[in-house]
Amino acid sequence: MKSAPNSLLPDKSQHRHVIWLGVFGGALLFIIGVRFMIVPDSALHTFGLSAAPENSKGVHYVIGLRDLWLGALAVAFALLKDWRALGLWFLMGSLVCWSDAAIVAANDGPGLAVAFHTASGVFCLALGLGAWRRRPKD
């Protein structure tokens, strides 16, 4: 005999959008990392940072590599349906996005860059909560 479905738990068919949004978010971060490595000055400007001083040109590689592996990690968590890891990744990512927005704003960066970082934080928060809801209950 089948038990009544629990309305508090998401339907398995609802997982698909969380998986693809997780892949999208991770892939976008990966692409941002590639951009920081290929056209660093343009990427720095787009994300509200001033160009790196001549004596610290390696900063764009640090940012790029960070974004590459973190983006790939998010894609892997999403495709593996590791809800707890994906949820934590995006929830912590929301804090990073909002911190980035604050740094850009404090350094008189463009409003569009502040808005991008802030909106990215909201996206990460929503996706993190969505993934966390799907985690297995121990």
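That block above? That's the structure.
Residues numbered from 1 in each chain as written. Predicted model: local features only at pLDDT ≥ 70, side-chain atom pairs only at ≥ 80, totals over all residues. Heavy atoms only, no water.

> Which parts of the structure should I look at to understand the packing of helix α1 (residues 15-38) against helix α4 (residues 83-106)?
How two helices pack is summed up by the angle between their axes together with the distance between the axes. The N-to-C vectors of α1 and α4 enclose an angle of 50 degrees; their axes lie 12 Å apart at closest approach. With respect to α4, the axis of α1 lies oblique. Seen along the crossing, α1 lies across α4 with a hand that is left-handed. For the pair formed by α1 and α4, the contact residues are His-15, Val-18, Ile-19, Gly-22, Gly-25, Gly-26 and Leu-29 on the first element and Trp-83, Leu-86, Trp-89 and Phe-90 on the second. Looking at side-chain class alone, the contact of α1 with α4 contains 7 nonpolar, 4 polar and no charged residues. (Axes fitted to C-alpha atoms, helices over the stretch in contact; angles between N-to-C directions. Helix = DSSP H or I, 4+ residues; strand = E, 2+ residues; numbered from the N terminus. Parallel < 35°, antiparallel > 145°, perpendicular 65-115°, else oblique. Left-handed = near helix turned anticlockwise from the far one by under 90°. Contact = heavy atoms within 4.5 Å. Nonpolar A, V, L, I, M, F, W, Y, C, P; charged D, E, K, R; others polar.)

> Any chance you could explain the environment of Leu-86 here in plain terms?
When you line up the elements, Leu-86 lands in helix α4. With a relative accessible area of 0%, Leu-86 lands in the buried category. The sequence separation of Leu-86 and Gly-22 amounts to 64 residues, and the corresponding C-alpha distance is 7.6 Å. In contact with Leu-86, not counting residues within four places along its chain, are Val-18, Ala-74, Phe-77, Ala-78 and Ala-131. (Buried < 20%, exposed > 50% of the residue type's maximum accessible area, 1.4 Å probe, protein only.)

> Which parts of the structure should I look at to understand the side chain of Arg-134?
With respect to the helices and strands, the residue Arg-134 is situated in the segment after α5 (111-133). The class for Arg-134 is buried, based on a relative accessible area of 10%. One polar contact links Arg-134 to His-15, side chain to side chain, over a distance of 3.2 Å. (Polar contact = N/O pair within 3.5 Å; in protein donor to acceptor, adjacent residues only side chain to side chain.)

> Mind showing me how you'd approach the environment of Ala-105 here?
Topologically, Ala-105 is positioned in helix α4. Ala-105 sits in the partly exposed class, given a relative accessible area of 40%. Considered as a pair, Ala-105 and Ala-115 are 10 residues apart in the sequence and their alpha carbons are 9.6 Å apart.

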